[in-house]
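These are the residues of each chain, in order.
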Amino acid sequence: MTSVDEVLDSRLKTLLPTEYQETYEQIEPKPMRSAGLKYDADGQVAWDQIWGSFCDLAMAGGPPHKGRLLEPGTQADIDAAFDRYDEVADEICRGIKLATGLRSYASPTVGWVCVTCLSDAMAEWLVRAIVMENVAARRRGAILELPASPHFRLEKEIKNVITVIAKTSHYWLGHTPAEQQRAIAELFAAMAHEAPLIEPDFSPPKHPAKHRELAASIADRIRRDTGLEPSTRESAGWLGLECGDIRAAVWMMRALVAGNVLSRREETTLFVPINAKSDPRGTIVSDAVSRVHRFATQRRLSARTA
């Protein structure tokens, strides 16, 4: 019978680009120096000339690109500065086209820009990889959506969005062979058959009190089963859990994503999704966290006695 350890390892090796498949346990979250902006003869940012290499994927254990989640603008923010919002969305789309060669355009849903991926599997993989970099992302079929907001600055948030799609697309297109891409598509189909991908609900809750009750019930079950305390850090659609150290947060984040629960981390805080539509009682997320925590504890005990 295949052990849980073997299933998890197999899934991670399927999901990770080839250079990480035998080394993901050893990757350290050490950041690289940020690349500076370069400009063309017209004074526009030359987004296709900035990056010669990228740091390790957060999915593989590298540092997330953002320390805190970069989120889409709210309707109120956009209504108050719609001209600036259009400028931001246009520049993000221009940068994505130059840096990746993928088609990009403003989404009909405000706060987002669309990226047309080459397949559903590519979009599914990018959603997971980009969220783990602490940039909001969602998908509809092969259409990936990334955040935009009127407060985004060229050298900061606009660059952040373009960097993460350039980085993750680079690893998908340049480091993931076609045969592995097909294996990833098959894995996503198998996981979806078991349970849908649980991701945060980015839309404002219609019933905030019920949303808070759901978050509290998930936190209570996780505390009871694992001892993990909820974080005081608040992030819409997410519940933070204090893991105590970075290595534990990285390990649990990867294991949850391999179990079809979207996850990310901010330093030692693990974030898991709250979604009243796909997980109305929160039991899928709480059970997944409890299972992963139990397995992580068993691994640590085994390592000490080995």
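Our subject in this report is the structure included herewith. Just so it is clear, the model here is predicted, and its values are computed rather than measured. (Residues numbered from 1 in each chain as written. Predicted model: local features only at pLDDT ≥ 70, side-chain atom pairs only at ≥ 80, totals over all residues. Heavy atoms only, no water.)

### Section: the packing of helix H4 (residues 120–131) against helix H6 (residues 178–194)
When two helices pack together, you describe them by how their axes are tilted relative to each other and by the distance separating the axes.
Okay, step 1: Here H4 crosses H6 at 75°, and the two axes come no closer than 9 Å. Looking at the two axes, H4 sits roughly perpendicular to H6. Two secondary-structure elements touch here, H4 through Ala121, Glu124, Trp125 and Arg128 and H6 through Gln181, Ile184, Ala185, Phe188 and Met191.
Okay, step 2: Split into classes, the residues belonging to the contact of H4 with H6 amount to six nonpolar, one polar and two charged. (Axes fitted to C-alpha atoms, helices over the stretch in contact; angles between N-to-C directions. Helix = DSSP H or I, 4+ residues; strand = E, 2+ residues; numbered from the N terminus. Parallel < 35°, antiparallel > 145°, perpendicular 65-115°, else oblique. Contact = heavy atoms within 4.5 Å. Nonpolar A, V, L, I, M, F, W, Y, C, P; charged D, E, K, R; others polar.)

### Quick notes on the pairing of strand E4 (residues 143–147)
Okay, step 1: Among the five residues of E4, five are classified as buried, and the element is accordingly described as predominantly covered.
Okay, step 2: What you see with E4 is no split at all: Ile143, Glu145 and Pro147 on one side and Leu144 and Leu146 on the other are buried throughout.
Okay, step 3: Pairing of strand E2 (residues 112–116) with E4 involves five bridges; the strand directions are antiparallel. When the sheet's bridge partners are listed, Thr116 is paired in E4 with Ile143.
Okay, step 4: The loop that links strand E3 (residues 138–140) with its antiparallel partner E4 comprises two residues; one of these, Gly141, has a positive phi angle of about 60°. (Buried < 20%, exposed > 50% of the residue type's maximum accessible area, 1.4 Å probe, protein only. Pairing = 2+ DSSP bridges.)

### Observations regarding the sheet that holds E2
Okay, step 1: Strands sit in the order E1-E2-E4-E3 across an open sheet of four strands; the sheet is antiparallel. Only two strands of the sheet have a single partner each, and these edge strands are strand E1 (103–106) and E3. Across this sheet, the average inter-strand angle for adjacent strands is 30°, counted without regard to direction.

### Focus: the pattern of salt bridges
Okay, step 1: Overall, the coordinates contain 17 salt bridges when judged by the stated rule.
Okay, step 2: Note that Arg11 is salt-bridged to Glu194, the shortest N-O span being 3.1 Å. On the criterion of sequence distance, the pair formed by Arg11 in helix H1 (residues 4–15) and Glu194 in helix H6 is long-range, its members being 183 residues apart.
Okay, step 3: When its relative accessible area of 16% is taken as the criterion, Arg11 is described as buried.
Okay, step 4: Accessibility expressed as a relative area gives 56% for Glu194, which makes it exposed.
Okay, step 5: Among the ionic pairs, Arg233 bridges to Glu266, the shortest N-O distance being 3.4 Å. Of this pair, Arg233 sits in the loop between strand E5 (229–230) and strand E6 (238–242) while Glu266 sits in strand E7 (residues 264–266); the two residues are 33 residues apart in sequence, bridging distant segments of the chain. (Salt bridge = Lys/Arg side-chain N within 4 Å of Asp/Glu carboxyl O.)

### Things to note about the packing of aromatic side chains
Okay, step 1: Evaluation of the coordinates by the stated rule reveals six aromatic pairs.
Okay, step 2: Between the aromatic rings of Tyr20 and Tyr171, the centroid separation amounts to 5.9 Å while the plane-to-plane angle is 40°, which identifies the pairing as tilted. One end of the pair, Tyr20, is in the loop between H1 and helix H2 (75–80); the other, Tyr171, is in helix H5 (residues 154–175), and 151 residues separate them in sequence. In this structure, Tyr20 and Tyr171 share a single accessibility class: buried.
Okay, step 3: A network of ring pairs unites the aromatic residues Trp47, Trp51 and Phe54 as a single cluster.
Okay, step 4: Across from the ring centre of Phe188, 4.0 Å away, lies the NZ or CZ of Arg128, which sits over that ring.
Okay, step 5: Over the ring of Phe271 we find Arg264; its NZ or CZ atom is 4.2 Å from the centre of that ring. (Phe/Tyr/Trp six-rings, centres within 6.5 Å; stacked < 30°, edge-to-face > 60°. Lys NZ or Arg CZ within 6 Å of the ring centre and 35° of its normal.)

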